[in-house]
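Examination of the molecular architecture
So you can see what is in the structure, the chains are spelled out below.
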Amino acid sequence: MSVRLKLTLSYAGFLMVAGTLLLAAVWWFLLKYVPGRALIIPGSTDLTEGVFPVRDNLLRVFAPRAAAVMAFLLLFGLAGGWFLAGRMLAPLTRITDATRRASSGSLSHRIELPGRRDEFRELADAFDTMLARLEAQVGEQRRFAANASHELRTPLAVSKALLDVARTDPDHDAGELVDRLHTVNTRAIALTEALLLLSRAEQRAFTRERVDLSLIAEEAAETLLPLAEQHGVTIETRGDITPATGSPALLLQLAVNLVQNAIVHNLPDRGTVWVTTGLRHDGAVLTVENTGEPVTPERAATLTEPFQRGTERIRTDHAGVGLGLAIVRTITHAHDGTLTLTPRPAGGLRITVDLPATDVHADG
């Protein structure tokens, strides 16, 4: 049986039970006190005026009409229950149609159920929110797959072109060819490792440990100090002990990506990078700021998408593969944290990573 038929039978059955109880109450509280035999009032000369109704006569008159009322209640309960159940279950039809369309691959539609907020309205709104998130994730995955295919195809195409040139030109400089192939191969390896790291962070396939964000930030700054000196950038680190919970390797990669991004996308000369760690009431915070060219809020909002760069697609030793901030965002979300990018009024960016609170006393 369908849900509508079940509800109809339930409504009709409830109405019949209520009618039966009502008739039983009438019998118990009214007919019980009607005498079973005729009672004549003493001293009365008119028998018709002094005789009470007899129970048997009332039952003969009352029973057929009670049966008719019960039959009417049954028909009314079935018809009314069918109508009410249809009205109540009408939103489920729209939700079911939307579910079927979503299962066939269409994620652009929304239920947008009208009316007052009730259980069905909350279900429809939750389903619309889920569809919006799925549509955004599917679109992001498609863009990521297309960009990754393009980025991986580029070094392969360059390698093939170099090999074709070397095969058609025997007098070509072999040393130059090897150097260029080494550069292209290095970039392809870096891109592949970045994709693997991104996939690992998305799957949350890591063990959580207690770490100190201040030590991780200092290690990242020391690792990238030669790169900063090469670009004429000064790195300043400050902060107290900042306990957090997560993967030391992934959090170190997060800090390295942030600092490297701040160094590469900085002023041509005498730029500065500030790395700060600290505690807030809601958790541990890592902040990386840098000087640089002005960035619009609209541009900053897109920098965490895969293969997005803050500048044009330059080809230098540290141009990156366009996954640095995407990896930072994925690692942050894998640690149940939040990532915020804020343009600085004087130019550059302020990137803040907020991680959930850790029990400081438990850390000793």
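Calculation criteria
- Within each chain, residue numbers correspond to sequence positions counted from 1 in written order.
- With pLDDT at 70 or above as the cut-off, local features in this predicted model cover only qualifying residues; side-chain atom pairs require 80 or more to be listed or tallied, and sums for whole chains, interfaces and linings still use all residues.
- The side-chain values count all of the structure's non-hydrogen atoms but skip hydrogen atoms and water molecules.
- Here, a salt bridge means any side-chain nitrogen of Lys or Arg that lies within 4 Å of a carboxyl oxygen of Asp or Glu.
- Numbering goes from the N terminus for both helices and strands, where a helix is a DSSP run of H or I of at least four residues and a strand is a run of E of at least two.
- Whether a residue is buried, partly exposed or exposed follows from its accessible area with a 1.4 Å probe, protein chains only, as a fraction of its type maximum: under 20%, in between, or over 50%, in that order.
- Comment: arc refers to directions from the helix axis out to C-beta atoms.
- We treat two strands as partners when DSSP finds at least two bridges between them.
- Nine residue types can take part in a nonpolar core, namely buried Ala, Val, Leu, Ile, Met, Phe, Trp, Tyr and Cys, and a core is a set of them joined through side-chain atoms within 4.5 Å.
- It only takes one pair of heavy atoms within 4.5 Å for two residues to be counted as in contact.
- Scored from 0 to 100, pLDDT reflects the predictor's confidence in each residue.
- To define axes, lines are fitted to C-alpha atoms, for helices over the stretch in contact only, and angles between the resulting N-to-C directions are given on a 0 to 180 degree scale.

1. Thoughts on the pattern of salt bridges
The full count for this structure, using the stated rule, is 8 salt bridges. When the shortest N-O distance is used, the salt bridge between Arg110 and Glu135 registers 2.7 Å. Here Glu135 lies in helix 3 (residues 119-168) and Arg110 lies in the loop between helix 2 (55-103) and helix 3, a separation of 25 residues in the sequence. With its nearest N and O atoms 3.3 Å apart, the salt bridge here joins Glu289 to Arg350. Residue Glu289 is found in strand 5 (residues 283-290), and its partner Arg350 is found in strand 7 (residues 349-356); the two are separated by 61 residues along the sequence.

2. Overview of helix 5 (residues 213-223)
Residues of helix 5 that are buried include every one of Leu213, Ser214, Ile216, Ala217, Ala220 and Ala221, and no others. Down the axis of helix 5, the buried set is contained in an arc of 160°. They therefore lie on one face. The exposed residues of helix 5 that point more than 90 degrees off its buried face are Leu215 and Glu222.

3. Remarks on the pairing of strand 6 (residues 338-343)
In this sheet, strand 7 lies alongside strand 6 in antiparallel orientation, the contact comprising 6 bridges. Within strand 7, the position partnered with Leu339 by the bridge is Val353. Counting the residues that bridge the hairpin from strand 6 to strand 7 gives 5 residues, and of these Gly347 lies at a positive phi of roughly 110°.

4. Let's talk about the nonpolar core
Leu258, Ile263 and Leu286 are the most contacted members of the largest nonpolar core, which has 49 residues in total. A total of 10 residues in this core trace back to one element, the largest contributor, which is helix 7 (residues 248-264). When near neighbours in sequence (up to four residues on either side) are disregarded, Leu258 contacts Leu286, Val288, Leu325, Val328, Ile351 and Val353.

5. Examining the confidence of the model for the protein
Residues shown with low pLDDT carry predicted positions that ought not to be read at fine detail. Across the protein, pLDDT averages 80, with 84% of residues at or above 70. When pLDDT is averaged over each element of the protein, strand 5 comes out on top at 93 and helix 4 (residues 174-203) at the bottom at 75. Contacts from residues 311-318, a stretch scored under 50 in pLDDT, to residues over four places away or in other chains number 10 contacts. Note on residues 360-364: pLDDT is under 50 here. Beyond four places in sequence and across chains, it has 6 contacts.

6. Concerning the side chain of His335
With respect to the secondary-structure elements, His335 resides in the loop between helix 9 (324-334) and strand 6. His335 gets classed as buried once you look at its relative accessible area, which sits at 1%. Look past the residues within four positions of His335 in its chain and what remains in contact with it is Phe206, Arg208, Thr245, Gly246, Ser247, Leu250, Leu251, Leu355 and Pro356.

7. What to know about the sheet that holds strand 2 (residues 233-239)
To summarise the sheet geometry, strands pair through backbone hydrogen bonds and adopt either a parallel or an antiparallel arrangement. Overall, mixed pairing links the 5 strands, which are arranged 2-4-5-7-6 in an open sheet. In this open sheet, the two edge strands, each paired with only one partner strand, are strand 2 and strand 6. With strand direction ignored, the average angle separating the axes of adjacent strands in the sheet is 15°. Looking at chain direction, strand 4 (residues 271-280) and strand 5 are connected through 8 bridges and run antiparallel. Each residue of the ladder has a partner; that of Arg280, found in strand 5, is Gly283. The strands touched by helix 7 are strand 2, strand 4, strand 5 and strand 7; relative to strand 5, the strand with the most contacts, the crossing angle is about 25°. Sitting on the sheet, helix 9 is in contact with strand 6 and strand 7, with an inclination near 140° to strand 6.

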